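# Examination of the molecular architecture
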Amino acid sequence: MNVSHNVPLQPYNSFGIVAKAYSLLQICTEANAVEAQKRLKSHPEGHCVLGGGSNIVLTGDVKPLVLKMEILGKRLVVETDKAWIVEAGAGENWHELVTWTLQQGWPGLENLALIPGSVGASPVQNIGAYGVELQDRFESLDALDLLTGQVFTLNAAQCAFGYRDSVFKHTSSGPNGIGLSGRALILRVRFHLPKNWKPVLGYLDLEKKMAETGISNPTALQICDWVCSIRRSKLPDPKVLGNAGSFFKNPTVTPEQCADIIARDPKVVHYPMPDGSIKLAAGWLIDACGWKGKSVGNAAVYEKQALVLVNLGGATGGEVVTLAKAIQTSVYERFGIRLEPEPVVI
Ligand code: EPU
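In this report, the structure presented in the accompanying data block is examined. (Residues numbered from 1 in each chain as written. Predicted model: local features only at pLDDT ≥ 70, side-chain atom pairs only at ≥ 80, totals over all residues. Heavy atoms only, no water.)

What follows deals with the site of the ligand. As a structural note, the neighbourhood of the ligand is formed by 25 residues, with Tyr-130, Tyr-163, Tyr-203, Gln-305 and Ala-306 the closest of them. Side-chain polar atom of Arg-164 to an oxygen atom of the ligand: 2.9 Å apart, as the coordinates give it. Within the side chain of Asn-250, an N or O atom sits 2.8 Å from an oxygen atom of the ligand. Burial of the ligand by the protein chains amounts to 81% of its free accessible area of 830 Å². Listing elements by their share of the shell around the ligand, those giving two or more residues are strand S8 (128-129), helix H6 (220-234), strand S13 (242-246) and helix H8 (282-288). The element contributing the most residues to the shell around the ligand is H8, with 3 residues. Looking at the shell around the ligand, its residues break down into 12 nonpolar, 6 polar and 7 charged. Residue assignment places the shell around the ligand across two domains, with domain 2 (74-194) and domain 3 (242-345) each supplying three or more. (Near = heavy atom within 4 Å. Polar contact = N/O pair within 3.5 Å; in protein donor to acceptor, adjacent residues only side chain to side chain. Areas by Shrake-Rupley, 256 points an atom, 1.4 Å probe, with all protein chains shown as cover. Helix = DSSP H or I, 4+ residues; strand = E, 2+ residues; numbered from the N terminus. Nonpolar A, V, L, I, M, F, W, Y, C, P; charged D, E, K, R; others polar. Domains from an automatic or database assignment.)

Next up, the structure:
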């Protein structure tokens, strides 16, 4: 296993923040993961897991041992009458997995194209876009228990997926008593891609693409192209302008709270959810508070999409956090809503 010291982390975080890891272990195999677990016992600073680095804000040099997940491999586990079950190593790039499955003729992940990050991080966040969430295509995953050194498997129910949420984001001392945050190191993820594939086209931006192109029955590859072009037009390319995708979750409110906001601001973008709650577009709330294009130091609100914070060049994690807090305060003062950040602040 490769152990390095004083490793610059700028290339490994999509915000492009300058920081270094005191010690970094490259985990390329399950055996590396087991070895890393043993080393953790003699590392009082703890650890943090680095996948694609697309959902973190680094606020300084990282003292915890950084476990950089680089387990590769993509394979068809089994083909049944009903589905293809596909497995990918935690270190695989998410978008490359999406395009590879489509090239093989296995549709299902196309709405999730171009989401930055790694396969291992995808269940943690329960990534989602354009009407599909990871949990809709999830079969199971294997993880290493960093406490006991045992490898275990979890199905979808055991992952307790929610909107941008899972068991991997909670500690066992949390409100429901279950949680694997800091404990499970995801090694491999398996996906269930049904053969009776149906396109998911309910999202407004995709409806617009259908109208523009006159294609009402697109293939999965066509949808993948559409999703890529929508994302490229709205979201900055992290290679050009550092960012971590959506910075805040879309908040949910009760119908009464929503009615109250509509009374004050009739244009508020909101979507009724199946459970009776209402989801509000955080981007709209931030935009309505006048944040587009505003900055703190070199951290700014993206001028085309207020939900995305960007690094104008040389931003520190502290500047990103200060900007995020100022946004939270102004949205709270105007709408009474507390926005919850998506990225992990390290
Ligand atoms: N809006 C504004 N001003 C803005 C931004 C958005 O008025 O500055 C309005 C838009 O006009 C639209 C609504 O807010 O009516 C929602 O915006 P959008 O369609 O861009 O989607 P979103 O809610 O901002 C979510 C996900 C994205 C995902 C898209 C597509 C979250 C936090 N974000 O964004 O996920 O790609 O839907 O499904 O759920 C991510 O998590 O990193 C991410 C990019």
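Below, the discussion takes up unusual backbone geometry. Its identity as a non-glycine residue notwithstanding, Asn-126 has a phi of 45 degrees, on the positive side. Assignment of secondary structure puts Asn-126 in the loop between helix H3 (122-125) and S8.

This paragraph deals with the pattern of salt bridges. Close approach of charged atoms lets side chains of opposite charge pair. Going through the model one piece at a time under the given rule, you end up with 18 salt bridges. Its salt-bridge partner being Arg-75, residue Glu-87 comes within 3.0 Å of it at the nearest N-O pair. Taken together, the residues Glu-87 in strand S7 (residues 83-89) and Arg-75 in strand S6 (residues 74-79) connect sequence positions 12 residues apart. Salt-bridge contacts for Arg-334 lead to Asp-265; the nearest nitrogen and oxygen are separated by 2.6 Å. Of the two residues, Arg-334 sits in helix H9 (residues 317-335) while Asp-265 sits in the loop between helix H7 (255-264) and strand S15 (270-272), which places them 69 residues apart along the sequence. Asp-265 gets classed as buried once you look at its relative accessible area, which sits at 14%. In the salt-bridge network here, residues are joined through shared partners; they are Glu-30, Arg-75, Glu-87, Asp-142, Arg-188 and Arg-190. (Salt bridge = Lys/Arg side-chain N within 4 Å of Asp/Glu carboxyl O. Buried < 20%, exposed > 50% of the residue type's maximum accessible area, 1.4 Å probe, protein only.)

By themselves these figures say nothing about function.
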